[in-house]
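Breakdown of the fold
So you can see what is in the structure, the chains are spelled out below.
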Amino acid sequence: MAPDDHSYAPVVRGKSADSGITIVPSVCPHDCTSTCALDVERLDAKRIGRVRGSMRNDYTAGVICEKVARYAERIHHPDRLMKPLRRTGPKGSRQFAEISWADALDIVAEQFLAKARQLGSETVWPYYYAGTMGLVQRDGINRLRHAMKYSRYFSTICVTLSDTGWIAGVGAKRGADVREIDEHSDLVVIWGGNPVNTQVNVMTHAMRAKKRGAKLVVVDPYRTGTADQADIHLAVRPGTDGALAVAVMHVLFKEGYADWDYMRRYTDAPDELAAHVATRTPEWASKITGLSVEEIVSFARLYGRTKASFIRCHHGFSRSRNGAANMHAVTSLPAVTGAWKYKGGGALYGHTGMYPIKKTLIEGLDVADTSIRDLDQSRLGPILTGDREALKDGPPVTAMLIQNTNPAMVCPELELVHKGFAREDLFTCVHEQFLTETAAFADIVLPATMFLEHDDFYTASGHTYFQVTKAVIEPPGECRENHYVIAELAKRLGARHRGFDMTPWEIMDERQLVSGMWDAETNWRKGGQDFHLGFETSHFLDGFAWPDKKFRFKPDWAAYGPRGKEMPTLPDHFDVIDNATADKPFRMVAAPARTFLNSTFTETPSSQKREVRPTVMMNPEDCAALGFVEGERLEIGNERGKTIVRCKPKAGQQKGVVVVEGIWPNRNFETGMGINALTSADPGWPNGGAVFHDTAVWIRKAA
């Protein structure tokens, strides 16, 4: 489809005659693959009203999550940081005094320079993630990193495992368009995600298909809001998705549902795969997954006989030690049946590999030095507490600039993270919107803008639009955008790169033109440029993204990381997960809550009211066997830490599986330490990735 097919006519903007409210376009910046197009009520130069989904983007289709719909509650929150602060009490005490921006930035630069003189430039580690997904405001910190030769950044906390698993077979991070399922899919499989909580637009399209008569299957360890809408819910044990997928392939080959003509043309090793899965029976998978043989066979037959079957793969795969192997096994299914041949068939994990945007100027890639160590974001606790392997035998980290993330809540092995942040020799500057638990450890805190207060542009993963935004309102108080902080520090540090001397809009405009895209103004005026690749390419009918153009049933795992040689050659159950034991008989999933987004929105009253308090969902039979009753205080823990939650019996998950939804602030737990005290910083296979849903725990009545 041509980009102009979905252009946004600016005539619909303007003032409502009966209200006087100005409706201004924007784009949601949050870490959800929807990247929704928004219509924002601007009440005046400094205030907004309601936020709604825009119809200018037919993926958003006017629907957004309840979190963002109430964004005025967040952007005008009375606790927003408004002025720079300098710590006056112990780390974590929240004792600060106001200072000027100039003094704050001077202190940061002086500390960075002093630390680098003492231990070398690698002792400074700029740290960030996806509090905003905007490419300029999120990724500009890398330009400072590279220009100053600071430690590089291995980004692992979200998509490393699932990206690797998808690309290992398909070859590129792109796939079929979710918009197809509205009219063309006869079966929609939502696997490894709960879009009711995390990506509501998937549900918009899935429910359109279901209303038309398509079947909806959800594969998830517990009875989510998404599973409640499904015709079939397959409650697999955490980390066993690969076993289910392989057993489904067993049935597909055995009962004649495999498309041999398609596989001969489009895949690398169909005969080897068929021979391999012949021993991976539903009975074998039943023992691993906890599903019945009948459930596995029934799903396999449904998938096999339905030509237009669409699998929406989600990020749950990226939370387990074997997540890459599991993702690859699931993406092998449409290659076995040839579902890619049909409109409404195939699969999608994400589209970010399709955009032509060139990021060299944004990230300073032209001055990057790959001989400098890269430190694993997810292993922050071991890094800050001196683990030599995590530090790659380099100097300790003694200075940090943190933007767009709250690691004192969201990182695994929280006790180590807090211990590290409390070090007196660690200088930390946090650029934030609220005085988060990470900011409480900081020496300098800088007030940050929110997305409606600065310019930026966005790729999307759930859809195919590239979107430009302009600031909707003025920043409050002394809040400053990320780009400002990076550019001002560069001046003080002596960093040289032309990107520091440009405005965000200038960077955006140049990058789009250099990349063969619309200029920034045209993109903004039209409401985004659609980079849909057409049916043939998005379904890989002109070949998968490998030199031989074939889907790889046999990935070269060793090419992705040092432990790839340990992974199975063909799709299989890769048993490296944190299995339950006699001492730790439960497998825990730390799943997203509906009205929190990682640590974001935990400060808004409406989200707090809906989520109530930290709870652990347990199979009712487990509760009965242990004498637990609803609302009872339970201690949950393992060798890494422990905390206290409230019991919530919940049907629809297997015995031995427990779920704690939401990354609640540590202060909401009696112990002062949240659920990530239990999760591990161990890297997944083959080359890292956080494993938040891969945790064995014990549970007992709290004293």
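Moving on to the packing of helix H10 (residues 241-254) against helix H15 (residues 323-331). The N-to-C vectors of H10 and H15 enclose an angle of 25°; their axes lie 8 Å apart at closest approach. When the interaxial angle is binned, H10 and H15 end up roughly parallel. Taken as a pair, H10 and H15 cross one another with a handedness that is left-handed. On the side of H10, the interface is formed by Asp 241, Gly 242, Ala 245 and Met 249, while H15 contributes Asn 326, Ala 329 and Val 330.

Our next topic: the pattern of salt bridges. Overall, the coordinates contain 46 salt bridges when judged by the stated rule. Asp 58 is the partner of Arg 179 in a salt bridge, and the nearest nitrogen-oxygen pair spans 2.6 Å. Pair noted here: Arg 179 is in the loop between helix H6 (160-170) and strand E9 (187-191) and Asp 58 is in the loop between strand E4 (47-53) and helix H1 (66-69), with a separation of 121 residues, a long-range link. Residue classification places Arg 179 among the buried positions, given a relative accessible area of 12%. A salt bridge links Arg 179 to Asp 177, with the nearest nitrogen and oxygen atoms 2.7 Å apart. Assigned by exposure class, Arg 179 and Asp 177 land together as buried. Three or more residues are tied together by salt bridges with common partners; here these are Asp 58, Asp 177, Arg 179 and Asp 530.

Further remarks concern helix H20 (residues 414-421). Listed in full, the buried residues belonging to H20 are Leu 414, Val 417, His 418, Gly 420 and Phe 421. On an axial view of H20, the arc spanned by its buried residues comes to 160°, and they lie on one face.

The next thing to look at is the environment of Asn 598. You can see Asn 598 is positioned in the loop between strand E21 (586-589) and helix H25 (605-611). For the pair Asn 598 and Gly 131, spaced 467 residues apart in the sequence, the C-alpha separation amounts to 9.1 Å. In this view, Asn 598 contacts Asp 31, Val 410 and Ile 663; residues no more than four positions away in its chain are not counted.

On the basis of which strands lie adjacent, the open sheet formed by six strands has the order E6-E5-E17-E16-E15-E7 and mixed pairing. Every other strand in the sheet has two partners, leaving strand E6 (96-98) and strand E7 (124-128) as the edge strands with one partner each. Averaged over neighbouring strand pairs, the angle between their axes works out to 20° when direction is ignored. Summarising the sheet, E7 and strand E15 (residues 399-403) pair through five bridges and their orientation is parallel. In the sheet register, Val 124 faces E15, and the bridge partner there is Ala 399. Lying over the sheet, helix H5 (residues 141-148) contacts E7 and E15, oriented at roughly 165° with respect to E7.

A word on the confidence of the model for the protein. Looking at the protein as a whole, its pLDDT mean stands at 95, while 97% of the residues score no less than 70. Confidence drops under a pLDDT of 50 for residues 1-14, and excluding neighbours within four residues, the segment shows 31 contacts in the predicted structure.

Summed over the entire model, instances satisfying the criterion amount to 26 aromatic pairs. Ring geometry for Trp 101 and Tyr 484: centres 5.5 Å apart, planes at 90°, overall edge-to-face. You can see Trp 101 sitting in helix H3 (residues 101-119) and its partner Tyr 484 sitting in helix H21 (residues 482-493), a full 383 residues away along the chain. Judged by relative accessible area, which is 6%, Trp 101 ranks as buried. Since its relative accessible area comes to 28%, Tyr 484 is described here as partly exposed. Ring plane angle 85° and centroid distance 5.1 Å describe the contact between Trp 125 and Tyr 127, whose orientation is recorded as edge-to-face. Residues Trp 125 and Tyr 127 agree in their burial class; the two are buried. Clustering of aromatic rings is evident, with ring pairs tying together Trp 340, Phe 540, Phe 544, Phe 551 and Phe 553. Stacked on the ring of Trp 518, the Lys or Arg Lys 526 has its end atom at 5.5 Å from the ring centre.

Another point: the layout of surface pockets. Put simply, the second largest pocket is a space of about 430 Å³. Listing elements by their share of the lining of the second largest pocket, those giving two or more residues are helix H7 (195-198), helix H9 (225-228), H25, strand E22 (615-618) and strand E24 (641-649). Ranked by the residues each element gives to the lining of the second largest pocket, the list is headed by E24, at three residues. Across the lining of the second largest pocket, the residue classes tally to seven nonpolar, six polar and eleven charged.

What counts as what
Residues numbered from 1 in each chain as written. Predicted model: local features only at pLDDT ≥ 70, side-chain atom pairs only at ≥ 80, totals over all residues. Heavy atoms only, no water. Axes fitted to C-alpha atoms, helices over the stretch in contact; angles between N-to-C directions. Helix = DSSP H or I, 4+ residues; strand = E, 2+ residues; numbered from the N terminus. Parallel < 35°, antiparallel > 145°, perpendicular 65-115°, else oblique. Left-handed = near helix turned anticlockwise from the far one by under 90°. Contact = heavy atoms within 4.5 Å. Salt bridge = Lys/Arg side-chain N within 4 Å of Asp/Glu carboxyl O. Buried < 20%, exposed > 50% of the residue type's maximum accessible area, 1.4 Å probe, protein only. Arc of directions from axis to C-beta. Pairing = 2+ DSSP bridges. pLDDT = per-residue confidence, 0-100. Phe/Tyr/Trp six-rings, centres within 6.5 Å; stacked < 30°, edge-to-face > 60°. Lys NZ or Arg CZ within 6 Å of the ring centre and 35° of its normal. 1 Å grid on protein atoms, 1.4 Å probe; cavity = no way out; pocket = protein on both sides within 12 Å on 5 of 7 lines; lining within 4 Å. Points joined across faces, edges and corners; volume = space filled by probe spheres on them. Nonpolar A, V, L, I, M, F, W, Y, C, P; charged D, E, K, R; others polar.

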